[in-house]
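Residue-level structural notes
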Amino acid sequence: QVQLVESGGGLVQAGGSLRLSCAASGRSLSNGAMGWFRQAPGKEREFVTTITWNAGSTAYGDSVKGRFTVSRDNAKNTVFLQMNSLKPEDTAVYYCAFRKTAMWLSIRRDEYDYWGQGTQVTVSS
């Protein structure tokens, strides 16, 4: 089992920045991958980014490329999502998720095994 706890959400003006954190506990994260997804009201959960735990390989959704950056601190079992140049359309609940295998980078939410409870990000115009 892996427990994931997100933090860092809040209200920010358009053009501003936020940094989300996801602290993981439980089983070893080695050979796995962490992902961030988001879900706006009335919309499906959308892939944001993913990072492999060992090598740090990353992938990003088209809507956040160049604005968001994912990183991890292996010693603290924590993954971060730095969000810059935020737009109102970034408003959503942001979830972190863990995949037990990182043999490939996945953007599919059904390929993630564990999920956090989510943190709300609201961007005002």
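This text follows the structure it describes.
The structure displayed is predicted, hence computed values, not measured ones.

Description of the pattern of salt bridges
Applying the stated criterion across every chain yields a total of 6 salt bridges. Salt-bridge contacts for Lys-65 lead to Asp-62; the nearest nitrogen and oxygen are separated by 3.2 Å. Judged by its relative accessible area of 66%, Asp-62 is exposed. Linking Arg-67 and Asp-90 is a salt bridge whose minimum nitrogen-to-oxygen distance equals 2.7 Å. Here the residue Arg-67 occupies a position in the loop between strand S6 (58–60) and strand S7 (68–73), and Asp-90 occupies one in the loop between strand S8 (78–83) and strand S9 (92–99), the gap between them amounting to 23 residues.

With respect to the sheet that holds strand S1 (residues 2–7)
With antiparallel pairing, the 4 strands of this open sheet are ordered in space as S1-S3-S8-S7. Of all strands in the sheet, those bounded by a partner on one side alone are S1 and S7. Going from strand to strand, the sheet's axes swing by 20° on average, the running direction of each strand aside. Relative to S8, strand S3 (residues 18–26) runs antiparallel, the two sharing 6 bridges. Across the sheet, the residue bridging to Ala-23 is Thr-78, located in S8.

Description of the packing of aromatic side chains
Enumeration over the complete set of coordinates arrives at 6 aromatic pairs. With a centroid separation of 5.7 Å and an interplanar angle of 75°, the aromatic rings of Phe-37 and Phe-47 are classed as edge-to-face. In this pair, Phe-37 is assigned in strand S4 (residues 33–39) and Phe-47 in strand S5 (residues 46–52), connecting sequence segments 10 residues apart. Across the pair, exposure class does not vary: Phe-37 and Phe-47 are buried alike. Joined through ring pairs, the aromatic side chains of Phe-37, Phe-47, Tyr-95, Tyr-112 and Trp-115 make up one cluster. One Lys or Arg, Arg-45, reaches over the ring of Trp-115 and ends 5.0 Å from the middle of that ring.

Procedures and definitions
Residues numbered from 1 in each chain as written. Predicted model: local features only at pLDDT ≥ 70, side-chain atom pairs only at ≥ 80, totals over all residues. Heavy atoms only, no water. Salt bridge = Lys/Arg side-chain N within 4 Å of Asp/Glu carboxyl O. Buried < 20%, exposed > 50% of the residue type's maximum accessible area, 1.4 Å probe, protein only. Helix = DSSP H or I, 4+ residues; strand = E, 2+ residues; numbered from the N terminus. Pairing = 2+ DSSP bridges. Axes fitted to C-alpha atoms, helices over the stretch in contact; angles between N-to-C directions. Phe/Tyr/Trp six-rings, centres within 6.5 Å; stacked < 30°, edge-to-face > 60°. Lys NZ or Arg CZ within 6 Å of the ring centre and 35° of its normal.

Remember that the coordinates give geometry; whether it matters functionally is a separate question.
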